[in-house]
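Residues per chain are reported as follows:
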Amino acid sequence: MKTFKILFLIFVSISWTSYSQQTNQIVAALNIENSISTDEFKAIDEPYNIAIDIETTENNNSYLVISMELNNDSYYVSPNAKRDFKGKFYMDLGSYTDVDFEGKIIETPLSVEEIDLHPFVNGTVNWVRENTTYKQALNLKSKDDFEVYGRIRFTIEPRCTLEEITFGIVRQEGKMKITYPKC
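Residues numbered from 1 in each chain as written. Predicted model: local features only at pLDDT ≥ 70, side-chain atom pairs only at ≥ 80, totals over all residues. Heavy atoms only, no water.

Caption draft 1: Up close: the layout of surface pockets. One number sums up the size of the largest pocket: a volume of about 320 Å³. Lining the largest pocket are 15 residues, and of these F120, V121, W127, E157 and C160 sit closest to its centre. Of the residues in the lining of the largest pocket, the class split is 8 nonpolar, 3 polar and 4 charged. (1 Å grid on protein atoms, 1.4 Å probe; cavity = no way out; pocket = protein on both sides within 12 Å on 5 of 7 lines; lining within 4 Å. Points joined across faces, edges and corners; volume = space filled by probe spheres on them. Nonpolar A, V, L, I, M, F, W, Y, C, P; charged D, E, K, R; others polar.)

Shown next, in the form of structure tokens:
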């Protein structure tokens, strides 16, 4: 039994020395200096970032501009999808007398229709899988100062959550800006 223990300790010692040498060779080959190992979890980025702005052209035409930056292979259904989906990208301004949307939303780059055989889709869909900008012309019906509220709604995949972002458009002294309600 004593011989077995001695042989076992020699084997473990040789194995550990060999493992240690291999680890040092790998570290040297990768030029790793002062590497730190941590067991902390890293925060996962949000699936998207959104920026909302007002753009006014030289002709005094105003546009609501929404920039969608996608992270972590996220995607959503384009407002240009021909079929009806519950989580399709959608925005509205509610019922206001001072301003409303005019014409169709402009999507850049334009999404492409594809076939998705997933049971919830089972057909054609326009998935937005890359950073995209939307422009929507605004019809200003009043020259007075105003404050209106709107929302953007879509389902972000693959997380499968219905996202709703509320915003406000405020015009004061002829200048428009975006605000975000606190409630």
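Picking up where we left off.
Caption draft 2: Molecular detail of the sheet that holds strand 10 (residues 161-172). Within the open sheet, the 4 strands sit side by side as 4-9-10-11. Their pairing is antiparallel. The open sheet has two edge strands with one neighbour each: strand 4 (90-92) and strand 11 (175-179). Neighbour to neighbour, the strand axes of the sheet diverge by 20° on average, direction disregarded. Here strand 9 (residues 146-156) pairs with strand 10 via 11 bridges, running antiparallel. Its bridge partner being in strand 10, Y149 is matched across the sheet by G168. (Pairing = 2+ DSSP bridges. Helix = DSSP H or I, 4+ residues; strand = E, 2+ residues; numbered from the N terminus. Axes fitted to C-alpha atoms, helices over the stretch in contact; angles between N-to-C directions.)

Caption draft 3: Looking closely at the packing of aromatic side chains. Across all of its chains, the model carries 6 aromatic pairs by this definition. Each ring, one from F89 and one from Y134, has its centre 4.5 Å from the other, and the planes form 20°; the classification is stacked. With F89 in the loop between strand 3 (76-77) and strand 4 and Y134 in strand 8 (residues 132-140), this residue pair connects regions lying 45 residues apart in the sequence. Across the pair, Y134 and F89 agree in class, each one buried. A ring pair is formed by F89 and F154, whose centres lie 5.8 Å apart and whose planes are at 25°; its orientation type is stacked. Placement of the pair is F89 in the loop between strand 3 and strand 4 and F154 in strand 9, with a sequence separation of 65 residues. Here F89 matches F154 in class, with each residue buried. (Phe/Tyr/Trp six-rings, centres within 6.5 Å; stacked < 30°, edge-to-face > 60°. Buried < 20%, exposed > 50% of the residue type's maximum accessible area, 1.4 Å probe, protein only.)

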